[in-house]
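# Structural overview for review
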Amino acid sequence: MERFLRESDCHLAISLHNPFPEERLQMMPAEKAYGLQELLALMREQDWSHQRRLSFEYIVFGGLNDSERHARELVRLLSPLECRVNLIRFHEIPDSPFHGATEERMLWMRDYLTRHGVTCTIRASRGKDIFAACGLLHSKAAPSPLSLSGSTSN
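Note that the coordinates shown come from a computational prediction; the quantities given were computed from them, not determined experimentally. (Residues numbered from 1 in each chain as written. Predicted model: local features only at pLDDT ≥ 70, side-chain atom pairs only at ≥ 80, totals over all residues. Heavy atoms only, no water.)

Here we come to the overall build of the chain. For the chain, the count of helices and strands is 7 helices and 4 strands. The helix and strand sequence of the chain, counted from the amino end, reads α-β-α-α-α-β-α-β-α-β-α. Among the 154 residues that make up the chain, the fraction classed as buried is 37%. Pairs at least 24 apart in sequence give 72% of the contacts found in the chain among residues at least 6 apart. Carbon together with sulfur atoms contributes 53% to the accessible area of the chain, which is approximately 9800 Å² in total. (Helix = DSSP H or I, 4+ residues; strand = E, 2+ residues; numbered from the N terminus. Buried < 20%, exposed > 50% of the residue type's maximum accessible area, 1.4 Å probe, protein only. Contact = heavy atoms within 4.5 Å. Areas by Shrake-Rupley, 256 points an atom, 1.4 Å probe, with all protein chains shown as cover.)

With that out of the way, let us pick up the environment of A13. Turning to its location among the elements, A13 is positioned in strand β1 (residues 12-15). When the C-alpha positions of A13 and E57 are compared, they lie 6.7 Å apart, and in sequence the two are 44 residues distant. Ignoring sequence-local partners within four residues, the contact set of A13 consists of S55 and E57.

Applying the stated rule across the entire model yields 10 salt bridges. For R89, the salt bridge identified is with E103, shortest N-O distance 2.5 Å. Of this pair, R89 sits in strand β3 (residues 84-89) while E103 sits in helix α6 (residues 103-115), placing them 14 residues apart in sequence. Bridged by salt links that share partners, the residues R3, R6 and E7 form one connected network. (Salt bridge = Lys/Arg side-chain N within 4 Å of Asp/Glu carboxyl O.)

Attention shifts here to the pairing of strand β4 (residues 119-122). Walk down a regular strand and you will see the side chains alternate between the two sheet faces. One ladder, built from 4 bridges, connects β3 with β4; its direction is parallel. By the bridge assignment, V85 is partnered in β4 with C120. With α6 bridging β3 and the parallel β4, this β-α-β connection has right-handed handedness. (Pairing = 2+ DSSP bridges. Right-handed = clockwise from strand over helix to strand, strands pointing away.)

Written as structure tokens, this is what we have:
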């Protein structure tokens, strides 16, 4: 990450999904290798005030990471940074115990973060109707090659 930041002028989007390291680890095993605290410390050392942009992607799960406690901690962690948070509603996967936040909760979270100085948007969702939205591609089993060709062998 340090090399990327030093040698490029690219924008950076970081998957955050939870502001609490122990909860983030349950959602993202990458927390073990790239801890949130170290990552944020590195981001605070960078100059984000010019053309380069920093954003944090935050998939919102209903009842899992959409509480006021989560929003308060996001504000605490991110307020010193020149950044944007992109809220992304989790798309329900058949047979999964997880569900996305309601529209009202998404709006509440966006408004809470914005009121407290964190630039925030709700990312528009596309592809849900064909199971191609974020998180859904793996949920449908691919048809077998034989069923695609329509042929059978004797």
